[in-house]
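Report on the structure
As a plain string of letters, each chain reads:
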Amino acid sequence: MSPGADVWALGVDDAPLCFVDLELTSLDPEAGEICELCLIRARGREEREALVSLVRPSRGVGESRAYHGLDDEALARAPSFAALAPRVASLLDGAVLVGHAVGHDAEFLRVELGRAGLTASAEGEIDTLALARRAFGFRSNKLGALAAELGIPHARAHRAEDDARATMALFFRLVAELEPATLGDLSAVKVGGRAARPDVVDACRAAVGAAPLALRYRRSGRSAEELRFVVTAVEIADSGATVVGYTLPGRARRVLLAHRIVAVGPAGLALGFVHPRTVRGRRASDEGMVGTASMGAPHSKIPGAPARLSSDPAALLARAAGGRDVALGKLARLARGLSAYALGADVEEKLLRLRALGVIDASPTSTQLAVGSVDMLRFWINPAAADYYEARGINYAFHQVLRFLDEPASLLDPIGLFSTEDGVIGHLMQVVHANPVYDLQLLSLFDTGHENLERQLRDMVAGTHPRAVSISAIVEEADYHARLLEFVVAWRRDPSVPPLVRSNVAAREELSALDRTFGSLTTSMRYFSRLPTTPLGGARHLLSTRRFPAHLGEP
């Protein structure tokens, strides 16, 4: 479904659109089938044709009935998808497919049409979920939550026609908010992407050295702000475009990420965005610095830098390993961690305790935990960490060696449910976390967990911690422990405070999206609970899923 230039150059009111929603028997396109569909073909806001139908699956609805309410009896007399396929293909032909998390529906249509011997001939896709994340600052971007926030009628959630019509109304609210000149302006907004809208970049380029602009700018996890902005430069790099300049009045210098500029207009124009509110604010700023040294440069012998950045590799290895007096303690903790795996470490009991404490609202099965831990590693922990260390010019593999030498047990357990209190605290101490909330929630399992963490952080800041030498060989941010201590104190008073998010996560849309799912124990367990429950299903998921399945994550 590659975009056709003619369609994407049209204004929204002139573009051929096809709004879609499907109800499914499974989230796996290869194993599941469509059991209800709604496709609405339109020319801009003018509806031309609609197809709404139940669909008889060949293998029954199974457990999906609990989601959409359709059972095999209700579907027994419905047409098969093969009978509907020619009309589906006709509605898609030459149109841009619009839906909420549309990529999943597009893949199902591709697979089902393929089974019927036809091909999907849409010109491309626009995702209202991605647009909503760009345009609004709502706490939830689920379709039902957005409809409630915006006053859009949505009588029956998870029924195809109601969802498709709510998506259609949402789309035109988003068009009013984002003010695209062409349909192609909206196509640049992608989940996890850093692509700026072309019309925004063009307007900013035209304003260099000219009159101020009115910009609507939305920082990560926050509602939009309106700025009177003088553009001095627009810089294009592989990582995305940035707009450099200063705000009026006050002439405060700012560097804006172009993909976070929602709308542009003359400085005298009020852009008037709706529903301003602050949600899940970030401590780290989206704004960059221009003229700094390359983040990929080696950090050798920097005056005042932490030992991790100022010592040579041999010295770091020696510091991380420590002396003989600490080796026995490390081996003992490693043995306890291995035995916890062998014995199961009372995982079910821990999950029950976390539910009783209100930390989690879902208890995954052992298969879901195993599959989820692999997904967490391959989609979140390793990519986010590798991105962070690459930006700092640090070899990630060497960093992992240092971590192992400092505390071997810390690498055993990515989900933490097999870890001891000391293991969780040690992990927090030796790694600049993408988001420490997950581990702080995990420490709720231990009566003295938060108290001991705070005490050890105070010792680390004071330089009196017994592992200060080895930990300093790993942690590359000199003020990390002081910042973490400040956050832990605030979090213990109020767990709803904005999280202490690592700089690369706050600055990158794709990592912020993953943080919404894996940044806390609460949301991670929800994701795990949506994974297959059988070993065979889990194996199939691990083998067939190459990218993070966003439809299983948090909106």
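The structure under discussion appears in the preceding block.
Residues numbered from 1 in each chain as written. Predicted model: local features only at pLDDT ≥ 70, side-chain atom pairs only at ≥ 80, totals over all residues. Heavy atoms only, no water.

A look at the sheet that holds strand β1 (residues 16–24)
Strand order in the open sheet formed by five strands is β3-β2-β1-β4-β5, with mixed pairing between adjacent strands. If you trace the sheet from one side to the other, it starts and ends with β3 (46–54) and β5 (124–127), each paired once. Between one strand and the next, the sheet's axes are offset by a mean angle of 25°, whatever the strand orientation. Pairing analysis gives eight bridges linking strand β2 (residues 34–43) to β3, with the strands arranged antiparallel. When the sheet's bridge partners are listed, Leu 39 is paired in β3 with Leu 51. Of the strands in this sheet, β1, β2, β3 and β4 (96–99) are in contact with helix α4 (residues 81–92), which crosses β2 at around 25°. The strands touched by helix α8 (residues 160–178) within the sheet are β1, β2, β3, β4 and β5, with β1 carrying the most contacts at an inclination of about 140°. (Pairing = 2+ DSSP bridges. Helix = DSSP H or I, 4+ residues; strand = E, 2+ residues; numbered from the N terminus. Axes fitted to C-alpha atoms, helices over the stretch in contact; angles between N-to-C directions. Contact = heavy atoms within 4.5 Å.)

Section: the nonpolar core
Counting 54 residues, the largest nonpolar core has Leu 369, Trp 380, Leu 417, Leu 453, Leu 521, Met 525 and Phe 528 as its most contacted members. Take this core: its biggest share by element is eight residues, from helix α15 (residues 366–391). By size, the runner-up hydrophobic cluster in this structure holds 37 residues, among which are Ala 130, Leu 131, Ala 132 and Leu 178. (Core = buried A, V, L, I, M, F, W, Y, C linked by side-chain atoms within 4.5 Å. Buried < 20%, exposed > 50% of the residue type's maximum accessible area, 1.4 Å probe, protein only.)

A look at α4
At 3.6 residues per turn, the α-helix brings residues three or four places apart onto the same side. Of all the positions in α4, only Phe 81, Leu 84, Ala 85, Val 88, Ala 89, Leu 91 and Leu 92 are classed as buried. With its buried residues spanning 150° around the axis, α4 presents them on a single face. In α4, the exposed positions angled more than 90 degrees off the buried face are occupied by Ala 83 and Pro 86. Contact partners of the buried residues in α4: β1, β2, β3, β4 and α5 (102–115). (Arc of directions from axis to C-beta.)

Details of the sheet that holds strand β8 (residues 240–248)
In space, the five strands of this open sheet follow the order β9-β8-β7-β6-β10, with antiparallel pairing throughout. Of all strands in the sheet, those bounded by a partner on one side alone are β9 (253–257) and β10 (261–266). Across the sheet, the axes of successive neighbouring strands diverge by a mean angle of 45°, strand direction being ignored. Bridging between strand β7 (residues 225–237) and β8 involves nine bridges; their strand directions are antiparallel.

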